[in-house]
Amino acid sequence: MKEKLLMLCYRAPYPLKSGSEIRMFQFVEILSEYFDITLLYLEEQEEKGDMKPLYEKCAMVRKYRVNKVKRCAQALWGYLFCGQPLQTGYFYSRELQHFVDCHEREYHNILCMHIRMVQYMFRGAKKDLAKHRLFFDGIDAITLNCYNTFQTSSGLRKLVNGMEYRRMAAYESMVYQKVERSILISLRDRDYIVETLGVACSPAVIYNYAIDYGYQAEAIRQKNRIAFMGKLDYAPNVDAVRHFSDAIFPKLKERYPALEFQIIGGSPSEEVKKLARREGIALMGFVDNPAGLLQEATLVVAPMVSGSGLQNKIVQAMYLGCTVVTTPIGAEGLSKVTNQELVIAADDNQMIEKMIYFLSDEAEKERRQIGQNARLYISRNYSYEKIRSQITELFAVKIEDEP
């Protein structure tokens, strides 16, 4: 008989629309082999898409809807009157808290996905955390994300982001001090928590595994095509495509007039929709299987100017054998990656220079070699088998020998 596991998620782990869903679902997929999972998640509106794979893996799934107006009101109240980070109030549900308070004693194992969800173990009815095996996956070092956003913002937005950064630093430090079994997605994020925030803790580092979208070794790259993939209401992705469209793409288009920039991803913000009105920029929307679009592109770009953690968009594109161009922020979550697998541009001028070269016909052989190296690098470091071994070791469960 399996033990029970209570898992708290800040959004539905399925369908796999972004790195966040991939992250949460990989824990569901692997841990469901060893635990009966009760999964609680938040949503703003009815989730569309096939949820069957999630329900098949869990013993129980419960969703808690909190509309955007209420979320914003809660976030503002906590921010103004309770000294909380905006993100704690925004992702709070009294109904979900009530379930946790009433039933937490039934679960020896509890997994909170993200800093946004661990609050349910500290708020509400008093809980004896020592009676649980409490696991906390911070995913990214969210304070690092806040800091990068603060650095790239201006005006009133910079003031608010600066306050959020300071409050999140204090809150995140407290959480990692209290929760012994913590997880992060990259060594860079762990170093930030331990060294920059100065928290005496030892988070496990567990990456996302690469999804097999269907690699085609003989895929034909289309000339003069650049692709970006990501969730398009996520601030670091919006910042990235806006900056690329403003500062990089026009310079590339001067050299290659027929150049097209395809933006792939769901939930586009109004700002992203406006970018798609420009000549040469196409908004492709959410695509169930992006392999075709990514493998047809001459280059895949991840021009991150903010954010933190492992950029899943880069992992997936590299696994498809694409030549990916990114920034130091985009690359910092990858372990021991070199310019043999990934093109890293230190600034705008270098990105323009490198992309002009790699878009050229003379760079075709080099592009192909980088793509092959990239796929091998991901296969070695981000395989399902490797991630499964890390998760089962952390949760102290035994992998049965395969038949």
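Check the entry above for the structure.
Model, not experiment: these values are computed from the prediction. (Residues numbered from 1 in each chain as written. Predicted model: local features only at pLDDT ≥ 70, side-chain atom pairs only at ≥ 80, totals over all residues. Heavy atoms only, no water.)

A. Broad picture of the packing of aromatic side chains. Tallied over the entire structure, the rule returns 17 aromatic pairs. A ring pair is formed by Y10 and F91, whose centres lie 5.7 Å apart and whose planes are at 90°; its orientation type is edge-to-face. Taken as a pair, Y10 in the loop between β1 (3-9) and α1 (19-31) and F91 in the loop between α4 (86-90) and α5 (94-103) lie far apart in primary sequence, 81 residues in all. Across the pair, F91 and Y10 agree in class, each one buried. (Phe/Tyr/Trp six-rings, centres within 6.5 Å; stacked < 30°, edge-to-face > 60°. Helix = DSSP H or I, 4+ residues; strand = E, 2+ residues; numbered from the N terminus. Buried < 20%, exposed > 50% of the residue type's maximum accessible area, 1.4 Å probe, protein only.)

B. Region of the structure containing the pairing of strand β6 (residues 181-184). As paired strands, strand β5 (residues 133-139) and β6 are joined by 4 bridges and run parallel to one another. For F135, the partnering residue across the bridge sits in β6 and is R181. Note that β6 and strand β7 (residues 204-205) share 2 bridges and pair parallel. Bridging across to β7, L184 finds its partner in V205. (Pairing = 2+ DSSP bridges.)

C. Examining the pattern of salt bridges more closely. Scanning the entire structure with this criterion turns up 20 salt bridges. A salt bridge links E21 to R11; the shortest N-O distance between them is 3.7 Å. With E21 in helix α1 and R11 in the loop between β1 and α1, this residue pair connects regions lying 10 residues apart in the sequence. Accessibility expressed as a relative area gives 3% for E21, which makes it buried. For E296, the salt bridge goes to R225, with nearest N and O atoms at 3.1 Å. With E296 in helix α11 (residues 291-296) and R225 in strand β8 (residues 225-229), the pair connects residues that are 71 residues apart, well separated along the chain. Linked by salt bridges that have partners in common, E43, E46, K63 and R65 make up one network. (Salt bridge = Lys/Arg side-chain N within 4 Å of Asp/Glu carboxyl O.)

D. Examining the packing of helix α6 (residues 142-152) against helix α7 (residues 155-178) more closely. Contact pair α6 / α7: the axes reach a minimum separation of 8 Å and the direction vectors enclose 165°. Accordingly, the angle class assigned to the pair α6 and α7 is roughly antiparallel. You can see that α6 and α7 cross each other, and the crossing is left-handed. Note on element contacts: α7 touches α6 through R157, K158, N161, G162, E164, Y165, M168, A169 and E172, opposite I142, T143, C146, Y147, T149, F150 and Q151. By residue class, the composition of the contact of α6 with α7 is 7 nonpolar, 5 polar and 4 charged. (Axes fitted to C-alpha atoms, helices over the stretch in contact; angles between N-to-C directions. Parallel < 35°, antiparallel > 145°, perpendicular 65-115°, else oblique. Left-handed = near helix turned anticlockwise from the far one by under 90°. Contact = heavy atoms within 4.5 Å. Nonpolar A, V, L, I, M, F, W, Y, C, P; charged D, E, K, R; others polar.)

E. Highlighting the pairing of strand β2 (residues 35-43). The buried fraction of β2 amounts to 8 of the 9 residues, a majority that puts the element mostly inside the structure. For the crossover that starts at β1, traverses α1 and ends in the parallel β2, the hand is right-handed. Bridge analysis of β2 against strand β3 (residues 60-65) gives 6 bridges, and the strand direction is parallel. Looking at the pairing, E43 lines up with R65 of β3. (Right-handed = clockwise from strand over helix to strand, strands pointing away.)

F. Main features of a nonpolar patch on the surface. Together, L76, W77, L80 and F81 make up a nonpolar patch on the protein surface, roughly 500 Å² of accessible area in all. Tracing the chain through its elements places L80 in helix α3 (residues 68-81). Here L80 falls in the exposed class, since its relative accessible area comes to 53%. (Patch = residues over 30% accessible without salt bridge, like charges linked within 9 Å, V, L, I, M, F, W, Y side chains within 5 Å. Areas by Shrake-Rupley, 256 points an atom, 1.4 Å probe, with all protein chains shown as cover.)

G. Expanded view of the nonpolar core. Judged by nonpolar contacts, the single largest core of 102 residues is most densely connected at L39, M318 and L334. In terms of residues, this core owes the most to one element, α1, which gives 7 residues. Setting aside anything within four residues of it in sequence, one finds M318 in contact with V324, L334, V337, E341, L342, G371, A374, R375, Y377 and I378. Formed by 32 residues, the second largest nonpolar core is a distinct cluster that contains I226, L232, V241 and M351. (Core = buried A, V, L, I, M, F, W, Y, C linked by side-chain atoms within 4.5 Å.)

H. Local environment of the side chain of Q311. Checked against the element boundaries, Q311 lands in the loop between β11 (299-302) and α12 (312-319). Polar side-chain contacts of Q311 include one of 2.7 Å to the side chain of K313. Not counting chain neighbours up to four residues away, the residues in contact with Q311 comprise M304 and G330. (Polar contact = N/O pair within 3.5 Å; in protein donor to acceptor, adjacent residues only side chain to side chain.)

I. Quick look at unusual backbone geometry. In the segment running from Y14 into P15, the intervening peptide bond is cis, with an omega of 0°. In this structure, P15 sits in the loop between β1 and α1. Positive phi, normally seen in glycine, also occurs at N224, with a value near 65°. Relative to the elements of secondary structure, N224 occurs in the loop between β7 and β8. Look at A396: it is not a glycine, yet its phi comes out positive at around 55°.

J. Quick look at helix α8 (residues 187-196). Within the span of α8, buried status applies to D189, Y192 and I193. Each buried residue of α8 lies within a common arc of 90° when the element is viewed along its axis, so the set occupies one face. Those residues of α8 that are buried lie in contact with α6, α7 and β6. (Arc of directions from axis to C-beta.)

K. Examining the packing of α12 against helix α15 (residues 364-381) more closely. Close contact between α12 and α15 brings their axes to 7 Å; oriented N to C, the two are set at 115°. Touching V315, M318 and Y319 of α12 are G371, A374, R375, Y377, I378 and S379, all from α15. Looking at the contact of α12 with α15 residue by residue, the class counts come to 6 nonpolar, 2 polar and 1 charged.

Without other data, these values stay purely geometric and don't point to any function.
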